[in-house]
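The chain contents come next:
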Amino acid sequence: MEEEKNLCHNQFDAGFRHGIPIGLGYLSVSFTFGMMAVSEGMPAWSAILISFTNLTSAGQFAGLDIIAAQGPLLEMAMVQLVINLRYALMSLSWSQKLDASVTLPQRLLIAFADTDEIFAVSSGQDGTLGSKYMLGLMIAPIIGWTAGTTIGAIASSLLPDFIRSALGIAIYGMFLAIIVPPSRDKRPVRIVVLVAVTISCLLHYAPVLQNLSSGFAIIICAVAASAIGAWRYPVKGDNFAASGESGEVLS
Amino acid sequence: MTTGTLIGYIVVMAGVTYAIRVIPLVLCQRQITNVFVRSFLYYIPYAVLGAMTIPAIFYATSNMVSATVGLIAAVILSWQRRSLITVAVFACVAVLITEWIQALI
């Protein structure tokens, strides 16, 4: 029982396989980014460079607006900070989930790929995460994100509209596949998800509140819902698995 | 805009984004023992994904009807514990079929 709980995910090819659907989902989103960047008058290489060095959606789209408006660099820094602050929470969560064998240089590399989707898929694994699994997991999403931007920037009329519309939902299908099964099994998880969704709708539709940036809205939802979960349903046990069968929830 | 200015923007964007990601991961290397903090971090992924999915999913396709059908398909399949890829692919197929029917009507 104890050994099973201390399981370490450290297979490169398992990581790589898990990254493929993320990479495919990224293709359509980054395609849009490449298209928008070029239509704002930016050269294709800059759009590709942004995608390769940033690997994030909301932050890049917001950055595009600032570049187009030739806004101050400080504004760029502040906007990126607020929109991407959620990654700090995820990195903190990862710091508890990474195997003790993961070295500092490996952490420096893994941190680069802290996106919502990579974080979510890795968190869904039981036990700890090893460097090989993590590095395998990063590859397809980085390729997908950069390649999608390249295609979008160079040939924006390549994919017909109806295909792009259908691909747009792929990433959300993955999110649901991650949150629905544990929500079905564990009441505390279900409640946390419902609270997050409720606040998210409120922040999206309520007057005044809807002016919040999407990154900031996600931070508020995540902090509020998780705090309620931690307060009402503390999690016991040594294993830090964000989902799956292991994390035991007191209720 | 000059190439230099453009690169300046990109460096700031990438630098800030990477700093946010790397600092917690490098600074926090030991196990957190506080039950509240541990539980909080346990719930974070679910809360983030829930908030990111709804209501954004309704605007992810060309209209809300096809998005809703895709959402329902994804929820049913994930309820049955299908894999990530299966759920994603069939949500796309559901959207495709819905928009095809809409075009016929």
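Being a predicted model, the structure only gives us computed values, none of them experimental.

Describing helix 12 (residues 187–205) of chain A
Taking 1.5 Å as the rise per residue, helix 12 of chain A with 19 residues should run 27 Å; its terminal C-alpha atoms sit 27 Å apart, in good agreement. Every buried residue of helix 12 of chain A is accounted for by P188(A), V189(A), V192(A), V193(A), A196(A), V197(A), I199(A), S200(A) and L203(A).

As for the packing of aromatic side chains
Each pair of aromatic rings is reported with the distance of its centres and the angle of its planes. Tallied over the full model, the rule gives seven aromatic pairs over all chains. Ring plane angle 90° and centroid distance 5.8 Å describe the contact between Y172(A) and F175(A), whose orientation is recorded as edge-to-face. With Y172(A) and F175(A) both in helix 11 (residues 170–185) and three residues apart, this pair spans about one turn of that helix. Taken together, the aromatic side chains of Y42(B), Y43(B) and Y46(B) make up a single cluster linked through ring pairs. Positioned above the aromatic ring of Y87(A), the side-chain terminus of R21(B) is 4.3 Å from the ring centre.

Description of the nonpolar core
Core analysis: the biggest nonpolar cluster contains 82 residues, and W94(A) and V121(A) have the highest contact counts within it. Sort the elements by how many residues they give to this core and helix 2 (residues 35–53) of chain B lands first, with 11 residues. Not counting residues within four places of it along the chain, the set of residues in contact with W94(A) comprises I110(A), A113(A), D114(A), I118(A), F119(A), S122(A), L129(A), M134(A) and L25(B).

With respect to the domain arrangement of chain B
Here chain B is partitioned into domain 1 (1–30) and domain 2 (31–104). Spacing between the C-alpha centres of domain 1 of chain B and domain 2 of chain B amounts to 29 Å.

Things to note about the interface of chain B and chain A
With 68 residues of chain B at the interface, the matching set in chain A holds 104 residues. Of the roughly 7600 Å² buried where chain B meets chain A, counting both sides, 74% is carbon and sulfur surface. Where chain B meets chain A, there are one salt bridge.

A few points about the environment of T149(A)
All names here are of chain A. Relative to the assigned elements, T149 resides in helix 9 (residues 131–154). Sequence separation of T149 and A14 is 135 residues, and the distance between their C-alpha atoms is 26 Å. With residues near it in sequence (within four places) discarded, T149 still touches S30, F31, F33, G34, A47, I48 and S51. Engagement of the side chain of T149 in a polar contact is seen with the backbone oxygen of W145, the distance being 2.8 Å.

Rules and cut-offs
Residues numbered from 1 in each chain as written. Chains lettered and ligands numbered in written order. Predicted model: local features only at pLDDT ≥ 70, side-chain atom pairs only at ≥ 80, totals over all residues. Heavy atoms only, no water. Helix = DSSP H or I, 4+ residues; strand = E, 2+ residues; numbered from the N terminus. Expected span 1.5 Å × (residues − 1). Buried < 20%, exposed > 50% of the residue type's maximum accessible area, 1.4 Å probe, protein only. Phe/Tyr/Trp six-rings, centres within 6.5 Å; stacked < 30°, edge-to-face > 60°. Lys NZ or Arg CZ within 6 Å of the ring centre and 35° of its normal. Core = buried A, V, L, I, M, F, W, Y, C linked by side-chain atoms within 4.5 Å. Contact = heavy atoms within 4.5 Å. Domains from an automatic or database assignment. Buried area = accessible area lost by both parts, 1.4 Å probe. Salt bridge = Lys/Arg side-chain N within 4 Å of Asp/Glu carboxyl O. Polar contact = N/O pair within 3.5 Å; in protein donor to acceptor, adjacent residues only side chain to side chain.

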